[in-house]
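Below, each chain spelled out in residue letters.
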Amino acid sequence: MIRFASFPALLALALTMGTARVCAADAGHDLEQRVLACTGCHGAEGRAAADGYYPRIAGKPAGYLYNQLLNFRDGRRQYPLMTGLLQTLSDDYLREMASHFAALELPYPPPARAAQKPAVLARGEALVRHGDAARDIPACESCHGSALTGVAPAIPGLLGLPRDYLAAQLAGWKSGIRQAHAPDCMAQIARSLSADDIQALAHWLSSQPVAQGGKPVARLDKPLPIRCGGVPEDAR
């Protein structure tokens, strides 16, 4: 279930956003001031908040972050706080924000302890490593890399993310709440996942340590198994 922030949290965010706008006016092009509104939900320096929902954005590939900012601004992803924050910002401004967070190299905390039966975790790992050919579900690692840290410039890592966030995003793609540039590969995959599959993936991924500092690899060894609209042609 997708959880929304409490009223005090929303109020704090509103105040943070107001402060950030004032600082932006004073600081001109100082991005560290301009992105303060982002850290109100995503945690200090984009490391991820402790509430178990908002994702880490520090160190994610710049192309991926930029695409998500566009998706929120242009209505492909639905979250009023993000849409309200971004709706007046230009493509260039969003690209600067994405580059800022992508350049941050910050340590990851230890993973969450797995709180599921071994069979559930085994199912999650099987989907990640091997997929399910009978249902046209490719392995997660065939797109996100064998270390699951993503691929530059546009494919995100899957580790170091809260379980609730992972489950909510997969469910959002499955239901059509979350969308991406066509062809929307993740929506196609998520529609083939069962509710149990989604929970298994979320529990397994959130319980794994982050390899190689979380840095995305330069490219995959093989072409993507499915076309993805948000990934540049030369990176497929």
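Throughout this document, residue positions are counted from 1 along each chain, in the order its sequence is written. Reporting in this predicted model follows two pLDDT cut-offs: at least 70 for local features of residues, and 80 or more for side-chain atom pairs to be given and counted; totals over whole chains, interfaces and linings ignore these cut-offs and use all residues. Calculated side-chain values reflect all of the structure's heavy atoms, with hydrogen atoms and water omitted.

A. Fine view of the overall build of the chain. Working definition: helices are DSSP H or I runs of at least four residues, strands are E runs of at least two. Numbering for both runs from the N terminus. Of regular secondary structure, the chain possesses 11 helices and zero strands. Each helix and strand of the chain, ordered N terminal to C terminal, gives the series α-α-α-α-α-α-α-α-α-α-α. Each residue gets one of three labels from its accessible area relative to the maximum for its type: buried under 20%, exposed over 50%, partly exposed in between, using a 1.4 Å probe on protein chains only. Expressed as a percentage of the 236 residues in the chain, the buried residues total 43%. The contact criterion used throughout is that any non-hydrogen atoms of two residues lie within 4.5 Å. Contacts in the chain between residues far apart in sequence, at least 24 positions, make up 66% of those at least 6 positions apart. Accessibility throughout is a Shrake-Rupley quantity obtained with a 1.4 Å probe, and a residue counts as covered only by protein chains that appear here. About 12,100 Å² of surface is accessible on the chain, with carbon and sulfur atoms providing 58% of the total.

B. Fine view of the environment of valine 35. Note on placement: valine 35 falls in the loop between helix 2 (31-34) and helix 3 (36-42). In this structure, the C-alpha to C-alpha distance between valine 35 and methionine 97, residues 62 residues apart in sequence, is 7.0 Å. Leaving out residues up to four positions away in the same chain, valine 35 has contacts with Met97, His100 and Phe101.

C. Fine view of helix 11 (residues 195-206). Residue count minus one, scaled by 1.5 Å, sets the expected span of a helix. The end-to-end C-alpha distance of helix 11, which contains 12 residues, comes to 17 Å, matching closely the 16 Å that a straight helix rising 1.5 Å per residue would cover. The buried count for helix 11 comes to nine of 12 residues, which makes it a mostly enclosed element. Buried residues belonging to helix 11 abut helix 7 (118-130) and helix 9 (163-175).

D. Representation of the environment of glycine 63 in the model. Locating glycine 63 in the fold gives a position in helix 4 (residues 62-74). When the C-alpha positions of glycine 63 and alanine 152 are compared, they lie 7.5 Å apart, and in sequence the two are 89 residues distant. Filtering out sequence-adjacent residues up to four positions away, glycine 63 remains in contact with Pro153 and Ala154.

E. Just the nonpolar core, in detail. In terms of nonpolar packing, the biggest core is built from 57 residues, with Leu69, Leu86, Leu94, Met97, Val128, Leu201 and Leu205 touching the most fellow members. Going through the elements one at a time, helix 3, helix 4, helix 5 (80-86), helix 6 (91-102), helix 7, helix 9, helix 10 (185-190) and helix 11 are the ones with two or more residues in this core. Discounting residues that sit within four places of it in the chain, leucine 94 has contacts with Tyr66, Leu69, Leu70, Arg73, Leu86 and Leu89. Nonpolar core, defined: a set of buried Ala, Val, Leu, Ile, Met, Phe, Trp, Tyr and Cys residues in which side-chain atoms within 4.5 Å join the residues together.

F. Looking closely at helix 4. End to end, helix 4 covers 18 Å across 13 residues, agreeing with the expected 18 Å (1.5 Å per residue, within 8%). Within the sequence span of helix 4, burial applies to Tyr64, Leu65, Tyr66, Asn67, Gln68, Leu69, Leu70, Asn71 and Phe72. Turning to helix 4, the residues buried within the fold contact helix 5, helix 6 and helix 9. Just past helix 4, the residue glycine 75 takes up positive phi, approximately 95°.

G. Expanded view of the state of the cysteines. By definition, disulfides here are pairs of cysteine sulfur atoms that lie within 2.5 Å. Under the defined criterion, the tally for this structure stands at one disulfide. Disulfide pairing is shown between cysteine 185 and cysteine 228; the S-S distance is 2.0 Å. Between cysteine 185 and cysteine 228, the disulfide has an S-S torsion of 110° and is therefore right-handed. Of this pair, cysteine 185 sits in helix 10 while cysteine 228 sits in the segment after helix 11, and the two are 43 residues apart along the sequence. Looking at cysteine 38, it has no disulfide partner, and the nearest cysteine sulfur is the one in cysteine 41, 9.2 Å off. Since its relative accessible area comes to 11%, cysteine 38 is described here as buried. No disulfide involves cysteine 143; its sulfur sits 5.3 Å from that of cysteine 228, the nearest cysteine. Residue cysteine 143 is classed as buried on the basis of its relative accessible area, which comes to 9%.

H. Highlighting the packing of helix 9 against helix 11. Comment: axis = line fitted to C-alpha atoms, over the contacting stretch for helices; angle = value between 0 and 180 degrees taken between N-to-C directions. At a minimum axis separation of 8 Å, helix 9 and helix 11 run at an interaxial angle of 145°. Two packed elements cross with a definite hand, and for helix 9 against helix 11 that hand is right-handed. Taking contact as the criterion, the partners of Arg163, Leu166, Ala167, Leu170, Ala171 and Lys174 in helix 9 are, on helix 11, Ile198, Gln199, Leu201, Ala202, His203, Leu205 and Ser206. Helix crossings fall into two classes, left-handed where the near helix is turned counterclockwise from the far one by less than a right angle and right-handed where it is turned clockwise.

I. Quick peek at the pattern of salt bridges. The working definition used for a salt bridge is a side-chain nitrogen of Lys or Arg within 4 Å of a carboxyl oxygen of Asp or Glu. Considering all chains together, one arrives at 13 salt bridges under this definition. Across the salt bridge formed by arginine 47 and glutamate 45, the nearest N and O atoms sit 3.1 Å from each other. With its nearest N and O atoms 3.0 Å apart, the salt bridge here joins arginine 95 to aspartate 92. Remark: aspartate 92 and arginine 95 occur in helix 6; sequence separation between them is three residues, near one turn of the helix. Overlapping salt bridges bring together Arg73, Asp74, Arg76 and Asp91 as one network.

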